[in-house]
Amino acid sequence: MTLFPRPLSRRTFLRGAGGALVGLPLLNAMAAGNARAQSTLPRRFVLVWSGTCQTHGGLDRQASGPLPAQLPNGWAALAPMRARASIVSKLDLPIYIGAQTPPPGGAYNQQHGGTMAPIVAGVHALEHMAVLAGGHTIDQVIADGIGGGTRLPSLQVRTQAAGYGFGAAKGLVSARLENGRVRGLDPIASPQVLYDTLFSGFTPPSTGGGGGPTTPPPLSLALRKKKSVLDLILGDAQRLEQKLGGEDRARLEQHFTEIRALEQRLIPVTQGGTNPPPPPNGASTCAIPVDPGPDGPINTPGNFAGWSNETDRGDLQADLLAMALACDLTRSVSWMLTFDQSGLSSQHLSGATTDIHAVSHHQGGGQPEVEQNANWHVARYARLLQSLEALPEDGGTVLDRTCVVYVSAEGNNAHAKVNLTYSYAGCPDVLRLGQLVNANGAHPAGMMMAALSAVGLPSNNFGELGGGPPSGMMV
């Protein structure tokens, strides 16, 4: 039980020597203080699509509560951002076949392509659809609501560089419903084209709004001394822990563990760190990021196992998207990591000798490889969250005002349309983070209704469906 006489502020910092400050994760002790901050800054939304299986790793058998200490293999890459994201298990799509009347938001029980429409547009799928999304997709609903006045009311991006043997229609995840017809929206697959589209002719504001320094801030005193910032705030942290309940203490300890891991990634390898790529341009809020330069070659073998260095492409895209949102160039993004029924080579993801689609059928690989392929997609999602979290804004970060929803075309194995496991992140004043939410068979469209609420739009309905988000998602 929390011992605070009044709710702990969401913006509480732990203070220590040398001016060290450490922010806190979302705690139960802050529960009554989660009303939306009065801010003129915009809300944003990102839909992240994985075109293959996303394994549950047993999360479907666990009750709602804090995320487990160790995430399953298919979700391992989310660990550094676990306090800023949640996972939703046991989501089900209603299924129909043949001449049966389609249920609202139903998936057609064909081999592939029958899940996109109910997930991203909330409408039932058909046996044959020129545009798999089937309707006005969530990113377009949000763009219509909050995208006005931005350079790009919505932005469509894809990481898989080519179809690698699969049709172009499976490389679209965004669509608009106009005059009764569905129009697919082509995504940008090239990092260079994405950079030019976003930043060509753009000048960052120097003050206010999305503006901020265009050069990296200096390293903290703690990092310059190769010493953990946590050592400097130890006394304040211990005093806080004495006032928290058991669940909050565990969450705080996990938060500190992740800070130590982040520090190791910031320290150069020569000084004992791991030194990953920095956030875009090392920037604080809005700045012109580094030009990624010409794209690498696109490998199109036509044998359903292509590879064009999608890992680097995806990481570049994540960083560019984060800065685009920070600069308010767009407020609604769909990011398609891989085609529906992906033909991406699995060799570079899990070591399997075939493509992702074949591995989902345990051809050329088994369930461990399916999990590694899933985790590759999660790693790109986590990279976006890290890039958003690295950009300060209004006393918090850009992630605080960005709702990100991660979904997949299939569940634990090939063609699975029930027991789906998805994730969401950001907007901690509206969404509960650091949680496992067992949805107990709820429709995935409920996650889109939560996203609508997070960006301040009416959220009682989405597509053909109503009923609101799964229990446990909202604060």
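This is a predicted model, so every value here is computed, not measured.

### Structural notes on helix H3 (residues 191-199)
An α-helical turn contains 3.6 residues, so any two residues separated by three or four positions project in the same direction. Buried residues of H3: Pro191, Gln192, Leu194, Tyr195, Leu198 and Phe199, and no others. Axial view of H3: buried residues confined to an arc of 160°, hence all on one face. Capping of H3 at its N-terminal end is provided by Ser190; its side-chain oxygen lies 3.2 Å from the backbone amide nitrogen of Gln192. In the segment just after H3, Gly201 is the residue with positive phi, at about 75°.

### As for the state of the cysteines
The tally for this structure, following the rule as stated, stands at one disulfide. Put simply, Cys286 and Cys327 are joined by a disulfide, and their sulfur atoms are 2.1 Å apart. Around the S-S axis, the bridge from Cys286 to Cys327 shows a dihedral of about 105° and counts as right-handed. Of this pair, Cys286 sits in the loop between helix H7 (246-266) and helix H8 (310-326) while Cys327 sits in the loop between H8 and strand S11 (332-336), and the two are 41 residues apart along the sequence. Looking at Cys403, it has no disulfide partner, and the nearest cysteine sulfur is the one in Cys427, 5.3 Å off.

### Describing the packing of aromatic side chains
All chains considered together, the criterion is met by five aromatic pairs. Between the aromatic rings of Tyr96 and Tyr108, the centroid separation amounts to 5.2 Å while the plane-to-plane angle is 75°, which identifies the pairing as edge-to-face. Highlighted residues: Tyr96 in strand S6 (residues 95-96) and Tyr108 in strand S7 (residues 107-108), separated in sequence by twelve residues. For Tyr96, a relative accessible area of 5% translates into the label buried. Where Tyr195 meets Phe199, the ring centres are 5.6 Å apart and the plane angle is 45°; that geometry is what we call tilted. Taken together, the residues Tyr195 and Phe199, both in helix H3 and four residues apart, mark about one turn of the helix. With relative accessibility at 5%, the residue Phe199 sits in the buried group.

### Let's talk about the packing of H8 against helix H10 (residues 367-389)
At a closest axis distance of 8 Å, the pairing of H8 and H10 adopts a crossing angle of 30°. Here H10 runs roughly parallel to H8, going by the angle between their axes. Regarding H8 and H10, the two cross each other, and that crossing is right-handed. Only Trp376, Arg380, Arg383, Leu384, Ser387 and Leu388 of H10 make contact with H8, whose side of the interface consists of Glu310, Thr311, Gly314, Asp315, Ala318, Asp319, Leu321, Ala322 and Leu325. Looking at side-chain class alone, the contact of H8 with H10 contains seven nonpolar, three polar and five charged residues.

### Description of unusual backbone geometry
Outside of glycine, negative phi angles account for most residues, and trans bonds account for most peptide bonds. Positive phi, normally seen in glycine, also occurs at Tyr164, with a value near 55°. Mapping Tyr164 onto the fold places it in the loop between strand S8 (155-158) and strand S9 (174-178). Relative accessible area serves as the criterion here: at 3%, Tyr164 is assigned to the buried category. In this model, His362 sits at a positive phi of 60°, which is unusual for a non-glycine residue. Mapping His362 onto the fold places it in the loop between helix H9 (356-360) and H10. With a relative accessible area of 43%, His362 lands in the partly exposed category.

### Quick word on the sheet that holds strand S4 (residues 65-66)
Spatially, S4-S16-S5-S15-S14-S3-S11-S8 is the arrangement adopted by the eight strands of the open sheet, whose pairing is mixed. For this open sheet the edge positions go to S4 and S8, each flanked by a neighbour on one side alone. In this sheet, S11 lies alongside strand S3 (residues 44-53) in parallel orientation, the contact comprising five bridges. Within the sheet, the bridge partner assigned to Phe45 lies in S11 and is Ser332.

### Points about the confidence of the model for the protein chain
Residue-level pLDDT values for the protein chain average 83, and 76% of them are 70 or greater. Here residues 1-6 scores under 50 on pLDDT; set against residues more than four positions off or in separate chains, the count is twelve contacts. Note that pLDDT drops below 50 for residues 32-37; the model gives that stretch 16 contacts with residues more than four away or on any other chain.

### Quick notes on the pattern of salt bridges
Going through the model one piece at a time under the given rule, you end up with eleven salt bridges. Salt-bridge contacts for Asp429 lead to Arg43; the nearest nitrogen and oxygen are separated by 2.6 Å. With Asp429 in the loop between strand S15 (420-425) and strand S16 (435-442) and Arg43 in the loop between strand S2 (21-23) and S3, this residue pair connects regions lying 386 residues apart in the sequence. When its relative accessible area of 9% is taken as the criterion, Arg43 is described as buried. A salt bridge links Asp319 to Arg383; its shortest N-O distance comes to 2.7 Å. Of this pair, Asp319 sits in helix H8 while Arg383 is found in helix H10, placing the two residues 64 residues apart along the sequence. For the residue pair Asp319 and Arg383, the accessibility class agrees, reading buried in each case. Where salt bridges share partners, they join Asp144, Arg176, Glu178 and Arg183 into one cluster.

### Things to note about a nonpolar patch on the surface
Together, Ile95, Ile97 and Val418 line one region of the surface with nonpolar side chains, adding up to about 230 Å² of accessible area. Tracing the sequence through the fold places Ile95 in strand S6. The exposure class of Ile95 is partly exposed, given its relative accessible area of 39%.

### A look at the pairing of S9
Bridge analysis of S9 against strand S10 (residues 181-185) gives five bridges, and the strand direction is antiparallel. Looking at the pairing, Arg176 lines up with Arg183 of S10. Hairpin remark: S9 followed by S10, antiparallel, with two residues in the connecting loop; positive phi at Asn179, about 55°.

### Quick look at the packing of H3 against H8
It is the contact of H3 with H8, at a shortest axis distance of 10 Å, that shows an interaxial angle of 10°. In terms of axis orientation, H3 runs roughly parallel to H8. Within the contact between the two elements, H3 uses Pro191, Leu194, Tyr195, Leu198 and Phe199 and H8 uses Arg313, Leu316, Gln317, Leu320, Met323 and Ala324. Among the residues making up the contact of H3 with H8, the classes are represented as nine nonpolar, one polar and one charged.

What counts as what
- Residues numbered from 1 in each chain as written.
- Predicted model: local features only at pLDDT ≥ 70, side-chain atom pairs only at ≥ 80, totals over all residues.
- Heavy atoms only, no water.
- Buried < 20%, exposed > 50% of the residue type's maximum accessible area, 1.4 Å probe, protein only.
- Helix = DSSP H or I, 4+ residues; strand = E, 2+ residues; numbered from the N terminus.
- Arc of directions from axis to C-beta.
- Polar contact = N/O pair within 3.5 Å; in protein donor to acceptor, adjacent residues only side chain to side chain.
- Disulfide = S-S within 2.5 Å.
- Phe/Tyr/Trp six-rings, centres within 6.5 Å; stacked < 30°, edge-to-face > 60°.
- Axes fitted to C-alpha atoms, helices over the stretch in contact; angles between N-to-C directions.
- Parallel < 35°, antiparallel > 145°, perpendicular 65-115°, else oblique.
- Left-handed = near helix turned anticlockwise from the far one by under 90°.
- Contact = heavy atoms within 4.5 Å.
- Nonpolar A, V, L, I, M, F, W, Y, C, P; charged D, E, K, R; others polar.
- Pairing = 2+ DSSP bridges.
- pLDDT = per-residue confidence, 0-100.
- Salt bridge = Lys/Arg side-chain N within 4 Å of Asp/Glu carboxyl O.
- Patch = residues over 30% accessible without salt bridge, like charges linked within 9 Å, V, L, I, M, F, W, Y side chains within 5 Å.
- Areas by Shrake-Rupley, 256 points an atom, 1.4 Å probe, with all protein chains shown as cover.

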